[in-house]
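Fold and contact review
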Amino acid sequence: MDLIVVLTGVLPGILIAAAILTAPIAFLLIGLYRSSVIRLMSKRAQPAPGNSAIPDETESPSFPVGPKFAPFDEKSAAKGTETITLFRHLRIRRWQTAAVYALGGLGFAILLTVAINLAWQLGFPPLNFIYFTLIYFWPAALVINLVASSEWRTGILIFAAYFFLWLVVSAVVINLSSSLTWGQTIRAWANSALLPTILVLMFLYRRIRAVGPMALIFLSFSFSGFHLFYMLGESILRASTQGNISTPIFIYKLLEVELVQYGVLALLIAISIFFMATLGWLTLQLLKWLYLHRLLSDHSFILDPIWLLFGLSTSIDLAFENPWWILTGLVAFGFYKILIWAGFAFSNGKRKKMKGTDLLLLRVFSLGKRSEQLYSAIAQSWRYVGNIHFITGPDLATSTVEPHRFLDYISRRLQHHFIDSAEALERRIQNADIFPGPDGRYRILDFFCYDDTWKMVLSRLAKDTDVILMDLRKFSRTNAGCVFEINELVHHVPLQRVVFVIDRTTDEVFLRESIENAWKRLFVDSPNREKDTKVHLLHYDETRPGAFRQLLYALSVAATSS
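Quick caveat: nothing in here was measured; it's all calculated off a predicted structure.

What counts and how
- Residue numbers restart at each chain and count upward from 1, following the sequence in its written direction.
- Only residues with pLDDT of at least 70 get local features here, since the model is predicted, and only at 80 or more are side-chain atom pairs given and counted; chain-wide, interface and lining totals rely on the full set of residues.
- Side-chain descriptors were evaluated using all non-hydrogen atoms of the structure, hydrogens and water having been removed beforehand.
- Put simply, DSSP marks the helices as runs of H or I at least four residues long and the strands as runs of E at least two long, and each gets a number from the N terminus on.
- Buried residues are those whose accessible area, probed at 1.4 Å on protein chains only, stays under 20% of the maximum for their type, while exposed residues exceed 50% and partly exposed ones sit between those limits.
- In this analysis, two residues are considered to be in contact whenever any of their non-hydrogen atoms come within 4.5 Å of each other.
- Note that accessible areas follow from Shrake-Rupley with a 1.4 Å probe, and for residues the cover is restricted to the protein chains shown.
- Each salt bridge in this description consists of a side-chain nitrogen of Lys or Arg and a carboxyl oxygen of Asp or Glu lying within 4 Å of one another.
- Here, strands pair whenever DSSP counts at least two bridges between them.
- To estimate how far a helix should reach, multiply one less than its number of residues by 1.5 Å.
- Working definition of a nonpolar core: buried Ala, Val, Leu, Ile, Met, Phe, Trp, Tyr and Cys residues. They are joined through side-chain atoms within 4.5 Å.
- Note on aromatic pairs: the rings of Phe, Tyr and Trp (six-membered ring only in Trp) are paired at centre separations within 6.5 Å, and the planes decide the class, stacked below 30 degrees, edge-to-face beyond 60, tilted for the rest.
- Only when the NZ atom of a Lys or the CZ atom of an Arg is both within 6 Å of the ring centre and within 35 degrees of the ring normal do we say a charge sits over the ring.
- For helices, the fitted axis covers only the stretch in contact; all axes are lines through C-alpha atoms, and the angles between them, taken along N-to-C directions, range from 0 to 180 degrees.
- For every residue, the predictor reports its confidence as pLDDT, a number between 0 and 100.
- Side-chain atoms alone can form a polar contact between residues adjacent in sequence; in general such a contact is a pair of N or O atoms within 3.5 Å, and within protein one must be able to donate a hydrogen while the other accepts it.
- Under this scheme an angle from 65 to 115 degrees is roughly perpendicular, one under 35 degrees roughly parallel, and one over 145 degrees roughly antiparallel; angles in between are oblique.
- Here is the rule for handedness: rotate from the far helix to the near one, and if that takes an anticlockwise turn smaller than a right angle the crossing is left-handed, while a clockwise turn gives right-handed.
- A patch is a set of surface residues, each over 30% in relative accessible area and not in a salt bridge, joined within 9 Å for like charges and within 5 Å for the nonpolar side chains Val, Leu, Ile, Met, Phe, Trp and Tyr.

Looking only at helices and strands, one finds 18 helices and 8 strands in the chain. Within the chain, buried positions represent 51% of all 562 residues. The long-range share in the chain, meaning contacts at least 24 apart out of those at least 6 apart in sequence, stands at 84%. Roughly 26,400 Å² of accessible area belongs to the chain as shown, and the carbon and sulfur atoms make up 64% of that amount.

Rendered as structure tokens:
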């Protein structure tokens, strides 16, 4: 088969087929993963020394002075230098990271534009160069939205800014051209960006985003094996039956039988799929190793396939001119990686060995999607200043999937991540990666617990983390686990380091009652044995503009309180 046909026909078919199948397979895998996590969470750990032991404490006979409840007031909250610095970092560091990706994307777009001008012999007129660069810069808008946008309004503004700039440049180019029309410019953008954008959206849907790119990599290898070895097997059979290669007479006679031919092809296809699928699996294992050794961030698993797909899409168009142009996308991707590596090395060089400000996230599991949305927004900002700790539950089981955990699940080793004893908890904490990765982001340290070990884990985490966010939306008398957590916080954590998030779905009367009941049994060594201790309740409505900013400020105040 002609090489150009392979590059411009077979290769796009492989990518499209893999992308189309990625979504349903990823949905299936993420569902099975969630079911496995929930099933293991409901089990009890095997008896072991120190299994779910919680240290005994001595209660105070009485402590009549109760806590003071007050809504969080940003105006009267502390405004020290440390608080302002932390808050500023929470607001701007994700945008600094987005700027680095934008720089890499600009280099990617410029290199593709140079290749287009050389391959099609267009010359280098400045306005046309800017126009094509802007078209190939489109993936950067997607990436910036994924990296820095914590609210849907911000995402809309990012896309609006890109298209406004595209309209302005297009208008100037059309005005200076005697033949170019708006229809042609729109088709030029659609031909370059529309199909890869659709393919990207298939595996970047929020529900499957954690595993979609890995599924895409594996399926791409598998489909490559099917196509390439099918063509090889077909060529061998044709050559054998036509006498073009030396073949023993009995094999020649067998190959003349149509059923045997189909059998040979089926065998070759099976061998090829197995071989290429194995190669895909080894590639994923290599990425896992790079991730565990902090040479690769979890962002890379999501963002790199975006640039590769757009680069390959342009390369396929160029391959019509010369097969060697198929390498353009890979070269542009390599240039993009060099630029972001240099950008992160410059912006995060001093922070590579800095321990961050750790956040513990507690919540009502029944919140479901709302809990997932708040976690995603918090993680997008907080991971630039410290690790996020939480106990895995059914609400976040699929939105916090780390690459190595999911690959261990596929290898039937997920149970090894569950905490079954105090010793296992200690090992998990001691071996935790507490430093930022190559992109300056800290890790998600989620703890998989059995039904009889989560309280032990909660008690340890509550004492060790710097600030605690307890999402009590939808809290009611049915949430016995949250009542236990409230007791642990009152007894062991200075309440000025805790932010309680509530809304109209919170049973606020029962919440106050739970805190007061815990207060009456304060341990002798509790850090809250002060008469002026305040419990700040933050009313949070995600639909209200500025609500998330207020939450970040409340966390900054809590994290820097003495």
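This paragraph deals with the pattern of salt bridges. With the rule as written, the count across this model stands at 18 salt bridges. A salt bridge links Glu 542 to Arg 473; the nearest nitrogen and oxygen atoms lie 3.3 Å apart. In this pair, Glu 542 sits in the loop between strand S8 (534–539) and helix H18 (547–559) while Arg 473 sits in the loop between strand S6 (467–471) and helix H16 (480–492), placing the two residues 69 residues apart along the sequence. Taking relative accessible area as the criterion, Glu 542 reaches 29% and is therefore assigned partly exposed. Judged by relative accessible area, which is 1%, Arg 473 ranks as buried. Measuring nitrogen to oxygen at the nearest pair gives 3.6 Å for the salt bridge that ties Arg 477 to Glu 513. Of the two residues, Arg 477 sits in the loop between S6 and H16 while Glu 513 sits in helix H17 (residues 508–519), which places them 36 residues apart along the sequence.

This brings us to the pairing of strand S2 (residues 359–363). With 5 of its 5 residues buried, S2 lies for the most part within the structure. Neither face of S2 is exposed, since Leu 359, Leu 361 and Arg 363 on one face and Leu 360 and Leu 362 on the opposite face are all buried. In this sheet, strand S3 (residues 388–391) lies alongside S2 in parallel orientation, the contact comprising 2 bridges. The residue bridging Leu 360 from the neighbouring strand is His 389, located in S3.

Here we come to helix H5 (residues 152–176). Given a rise of 1.5 Å per residue, 25 residues ought to cover 36 Å, and the 37 Å separating the end C-alpha atoms of H5 matches this to within 8%. Listing the buried residues of H5 in full gives Thr 154, Gly 155, Ile 158, Tyr 162, Trp 166, Val 169, Ser 170, Val 173 and Ile 174. Where H5 is buried, its residues touch helix H2 (81–119), helix H3 (126–136), helix H4 (138–148) and helix H6 (182–204).

Along the chain, His 491 turns up in helix H16. Under the relative-accessibility criterion, His 491 is labelled buried at 5%.

Further remarks concern the nonpolar core. Judged by nonpolar contacts, the single largest core of 58 residues is most densely connected at Tyr 101, Trp 138, Leu 303, Ile 306, Phe 310 and Tyr 336. If one sorts the elements of this core by residue count, H2 sits on top with 10 residues. Contacts of Phe 310, omitting those with residues within four sequence positions, involve Phe 108, Trp 138, Pro 139, Leu 142, Ser 192, Ala 193, Pro 196, Thr 197 and Val 200. Among the nonpolar cores identified, the runner-up in size contains 40 residues, and Ala 432, Phe 447, Val 493 and Leu 537 belong to it.

Further remarks concern the packing of aromatic side chains. For the coordinates displayed, the defined rule picks out 23 aromatic pairs. Taken together, a centroid distance of 5.1 Å and an interplanar angle of 85 degrees make the contact between Phe 87 and Tyr 553 edge-to-face. A residue pair is termed long-range when its members are at least 10 positions apart, and Phe 87 in helix H2 and Tyr 553 in helix H18 qualify at 466 residues. Across this residue pair, the class does not change: Phe 87 and Tyr 553 are buried. By way of ring pairs, the aromatic residues Trp 138, Phe 159, Tyr 162, Phe 163 and Trp 189 are connected into one cluster. In this structure, Arg 428 packs its charged tip against the face of Phe 447, placed 4.7 Å from the ring centre. Over the ring of Tyr 291 we find Arg 443; its NZ or CZ atom is 3.9 Å from the centre of that ring.

We now examine the sheet that holds strand S4 (residues 418–419). One open sheet accounts for 8 strands, arranged S1-S8-S7-S6-S2-S3-S5-S4; its pairing is parallel. Strands with a single pairing partner mark the edges of an open sheet, and in this sheet they are strand S1 (68–71) and S4. Here H16 sits on the sheet and contacts S2, S6 and strand S7 (498–502); the angle it forms with S6, its principal contact strand, is near 155 degrees. The strands that H18 touches are S2, S6, S7 and S8; relative to S7, the one it contacts most, it runs at about 155 degrees.

Predicted coordinates in regions of low pLDDT should not be interpreted in detail. For the chain, per-residue confidence averages 82 on the pLDDT scale, and 85% of positions sit at 70 or higher. Helix H8 (residues 249–255) is the least confidently modelled element of the chain, averaging 47 in pLDDT, while S6 averages 94, the highest of any element. Counting contacts from residues 48–53, a segment whose pLDDT is below 50, to residues more than four positions away or on other chains yields 19 contacts. pLDDT under 50 marks residues 244–255. Its contacts with residues more than four places away, or in other chains, come to 16 contacts.

Taking 1.5 Å per residue, 13 residues should reach 18 Å; H18 reaches 18 Å between its end C-alpha atoms and fits that length. In terms of burial, H18 is largely enclosed, as 12 of its 13 residues are buried. What H18 keeps buried is the set Ala 547, Phe 548, Gln 550, Leu 551, Leu 552, Tyr 553, Ala 554, Leu 555, Ser 556, Val 557, Ala 558 and Ala 559. Looking at the buried residues of H18, the elements they touch are H2, S2, helix H12 (369–382), S6, S7 and S8.

Let's shift gears to the side chain of Asn 387. Within the element layout of this structure, Asn 387 appears in the loop between H12 and S3. Separated by 3.2 Å, the side chain of Asn 387 and the backbone oxygen of Arg 443 make a polar contact. With residues up to four places along the chain from it excluded, the contact list for Asn 387 reads Thr 357, Asp 358, Leu 359, Trp 382, Asp 433, Ile 434, Tyr 442, Arg 443 and Leu 445.

Right, let's get into the packing of H2 against helix H11 (residues 328–348). Axes are the key here: two packed helices are described by the angle between their axes and the distance separating the axes. With their axes 8 Å apart at the nearest point, H2 and H11 run at an angle of 150 degrees to one another. When the axes of H2 and H11 are compared, the pair comes out roughly antiparallel. Where H2 crosses over H11, the handedness of that crossing is right-handed. Contacts from Thr 97, Val 100, Tyr 101, Leu 103, Gly 104, Gly 105, Gly 107, Phe 108, Leu 111, Leu 112 and Ala 115 of H2 reach H11 at Thr 328, Val 331, Ala 332, Phe 333, Phe 335, Tyr 336, Leu 339, Ile 340, Gly 343, Phe 344 and Ser 347.

Before going further, it helps to examine unusual backbone geometry. The bulk of non-glycine residues show a negative phi, and the bulk of peptide bonds are trans. With a phi close to 55 degrees, Arg 294 is a non-glycine residue in the positive phi region. Structurally, Arg 294 is set in the loop between helix H9 (258–292) and helix H10 (298–318). The residue Arg 412 is not glycine, and still its phi comes out positive at about 65 degrees. Exposure remark for Arg 412: the relative accessible area of 78% places this residue in the exposed category.

The subject of this paragraph is a nonpolar patch on the surface. On the surface, Leu 127, Ile 130, Phe 164, Val 168, Val 172 and Leu 176 cluster together to form a nonpolar patch covering roughly 540 Å² of accessible area. When contributions to the nonpolar patch are tallied by element, the ones reaching two or more residues are H3 and H5. Here the element with the most residues in the nonpolar patch is H5; it accounts for 4 residues. Structurally, Ile 130 is set in helix H3. Under the relative-accessibility criterion, Ile 130 is labelled partly exposed at 44%.

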